[in-house]
Amino acid sequence: MNLLNRVVVATLPYVPRLIVRHFAGRYIAGETLQDAVRCVRQINREGKLATLDVLGEDITSEAETTEVREQSIQVLHTIAREKLDSNLSIKLTSLGLKLRGDICFNNVREILKVASSYKNFVRIDMEDSSCTSDTIGIFKKLQREFSGVGIVLQAYLKRSEEDVRDLIKTRTNFRLCKGIYKEPPEIAFQGKEEIRRNFIKLLGMMFEAGCYLGIATHDTWVVNQANGLIKKFGLKRDEYEFQMLLGVRPELRKKLLRDGHRVRLYVPFGEQWYAYTMRRFKENPEIAGYVFKALFTRNV
Ligand code: FDA
């Protein structure tokens, strides 16, 4: 990150929420489930799939985890009732991972029971490295009982290759991404090229094992390499999908659709839009720069 970008990111917390909200509109569906339904309906009309994410990451009590569980279940009922082509993404810390493993396991199990009654699917997002082992542990237990559950692995983590070797044995349904959290060099690749190379290496291992893949990236180089692997393994359209975040690189997603691939958009919504948006801005300071500029210009 260059100096200017660092300054922009450091200044962000002082930018009025109203201005942040204006730019957040691109990355989040809105604050309510109704906003999310409208957004997914439009996405489906354009021939794309969705995965809904209820925003909210920091919880401190069991009661809060129950609330998140019930919201997630509500989302599944709504997807079914509104006949949306969408599944659900969840974060285990919001369901109690850092409180007690059994609370988290039971919460996710309740969500999966509802998902399986609708033959829907739940993806477990991957959070920072302090969560990796516990997240995989809970996933493996749930995978024995439910087929409609998948996990995320991060290409920047050095341990991911071992995790792939382990999880391909059960033909896990993966989402593979680069990884969004700041991790130290002892456990995570830092260079852009080495992360890319590891992404493609892991992708190849997963495809070779016959796993279903959500290829989560906006990086054209990774997309092209993934396309090479799709051809090499002779995969059919329903054996993988590309996944992108709402609001990011719409031109790339249109091209993928035109080329005949399935594309799923990650659609976050909820009252905690502010924390989520700040994370997105920190990830891509170029976008944060627009917000900063908006402070000094009229035509926002
Ligand atoms: P890269 O960061 O190189 O981006 C390529 C290009 O895309 C950039 O040059 C820029 O043009 C554009 N771009 C990327 N991000 C942008 C943004 N936020 N705003 C505007 N433009 C942007 N991570 C994680 O740790 N756990 C998880 O569970 C998930 N889940 C997840 C789901 C889905 C569907 C996606 C697409 C991503 C995730 N991620 C994630 C995030 C992921 O790890 C990674 O941080 C981002 O996808 C950025 O990496 P890219 O591969 O897109 O490459």
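What comes next concerns the included structure.

Moving on, we get to the overall build of the chain. If you tally the helices and strands in the chain, you get 12 helices and eight strands. Radius of gyration (C-alpha) of the chain: 19 Å, near the 19 Å computed for a compact globule of 300 residues. With the C-alpha coordinates of the chain rotated into their principal frame, the extents come out at 55 × 45 × 45 Å. Across the 300 residues of the chain, 53% fall into the buried class.

This paragraph deals with the sheet that holds strand 6 (residues 213-216). In space, the eight strands of this closed barrel follow the order 1-2-3-4-5-6-7-8, with parallel pairing throughout. On average, adjacent strands in this sheet sit at an angle of 30° to one another, irrespective of strand direction. Two elements, strand 4 (residues 149-154) and strand 5 (residues 174-177), share four bridges in a ladder whose sense is parallel. Residue Val152 lies in a different strand from strand 5, and its bridge partner there is Arg175. Sheet contacts for helix 4 (residues 62-81): strand 1 (49-54), strand 2 (86-90) and strand 8 (263-269); angle to strand 2, the most-contacted strand, approximately 170°. Contacts between helix 8 (residues 192-208) and the sheet are confined to strand 4, strand 5, strand 6 and strand 7 (240-245), with strand 6 contributing the most and set at about 165° to the helix.

Before going further, it helps to spend a moment on the pairing of strand 1. The buried count for strand 1 comes to six of six residues, which makes it a mostly enclosed element. Sheet topology places strand 1 next to strand 8; six bridges connect them, and they run parallel. Bridge pairing in strand 8 links Ala50 to Leu265.

One recurring pattern in soluble globular proteins: nonpolar side chains tend to sit buried together. Counting 79 residues, the largest nonpolar core has Leu92, Leu153, Phe174, Leu203, Leu213, Ile215 and Val267 as the members making the most contacts within it. Residue contacts for Val267: discarding those within four places in its chain leaves Ala29, Cys39, Val40, Ile43, Ala50, Thr51, Leu52, Asp53 and Leu246. Core analysis: the next-biggest nonpolar cluster, separate from the first, contains 17 residues, Ile19, Leu245, Val248 and Trp273 among them.

This part is about the pairing of strand 2. When you tally the buried positions in strand 2, you get five out of five residues, the bulk of the element. In terms of strand pairing, strand 1 meets strand 2 through four bridges, oriented parallel. When the bridges of strand 2 are listed, Ala50 appears paired with Ser86. Between the parallel elements strand 2 and strand 3 (residues 122-124), the chain passes through helix 5 (residues 101-117) in a crossover that is right-handed.

All right, on to the site of the ligand then. The ligand sits among 25 residues. The nearest are Met126, Lys178, Gly179, Thr217 and His218. A distance of 2.6 Å separates an oxygen atom of the ligand from a polar atom in the side chain of Thr217. For the ligand, the protein covers 83% of the area, taking 930 Å² as the surface of the free molecule. Elements with a contribution of two residues or more to the shell around the ligand: strand 4, strand 5, strand 7 and helix 11 (273-283). By residue class, the composition of the shell around the ligand is 12 nonpolar, six polar and seven charged.

Assignment of secondary structure puts Ser94 in the loop between strand 2 and helix 5. Each C-alpha atom, one on Ser94 and one on Arg69, is 8.6 Å from the other, the two residues being 25 residues apart in sequence. Side-chain polar atoms of Ser94 contact the backbone oxygen of Lys91, separated by 2.7 Å.

Following the criterion strictly, the structure yields 24 salt bridges and no others. Of the charged contacts, one joins Asp102 and Arg100 as a salt bridge, the two residues approaching to 2.8 Å between their closest N and O atoms. By relative accessible area, Asp102 is classed as partly exposed at 39%. The class of Arg100 is partly exposed, set by a relative accessible area of 44%. For Lys113, the salt bridge identified is with Glu110, shortest N-O distance 3.2 Å. Of this pair, Lys113 and Glu110 both sit in helix 5, three residues apart, roughly one helical turn. Each of Asp53, Lys91, Asp125 and Arg175 takes part in a single network of salt bridges with overlapping partners.

The rules behind each value
- Residues numbered from 1 in each chain as written.
- Predicted model: local features only at pLDDT ≥ 70, side-chain atom pairs only at ≥ 80, totals over all residues.
- Heavy atoms only, no water.
- Helix = DSSP H or I, 4+ residues; strand = E, 2+ residues; numbered from the N terminus.
- Rg over C-alpha atoms; globule rule 2.2 N^0.38 Å.
- Buried < 20%, exposed > 50% of the residue type's maximum accessible area, 1.4 Å probe, protein only.
- Pairing = 2+ DSSP bridges.
- Axes fitted to C-alpha atoms, helices over the stretch in contact; angles between N-to-C directions.
- Contact = heavy atoms within 4.5 Å.
- Core = buried A, V, L, I, M, F, W, Y, C linked by side-chain atoms within 4.5 Å.
- Right-handed = clockwise from strand over helix to strand, strands pointing away.
- Near = heavy atom within 4 Å.
- Polar contact = N/O pair within 3.5 Å; in protein donor to acceptor, adjacent residues only side chain to side chain.
- Areas by Shrake-Rupley, 256 points an atom, 1.4 Å probe, with all protein chains shown as cover.
- Nonpolar A, V, L, I, M, F, W, Y, C, P; charged D, E, K, R; others polar.
- Salt bridge = Lys/Arg side-chain N within 4 Å of Asp/Glu carboxyl O.

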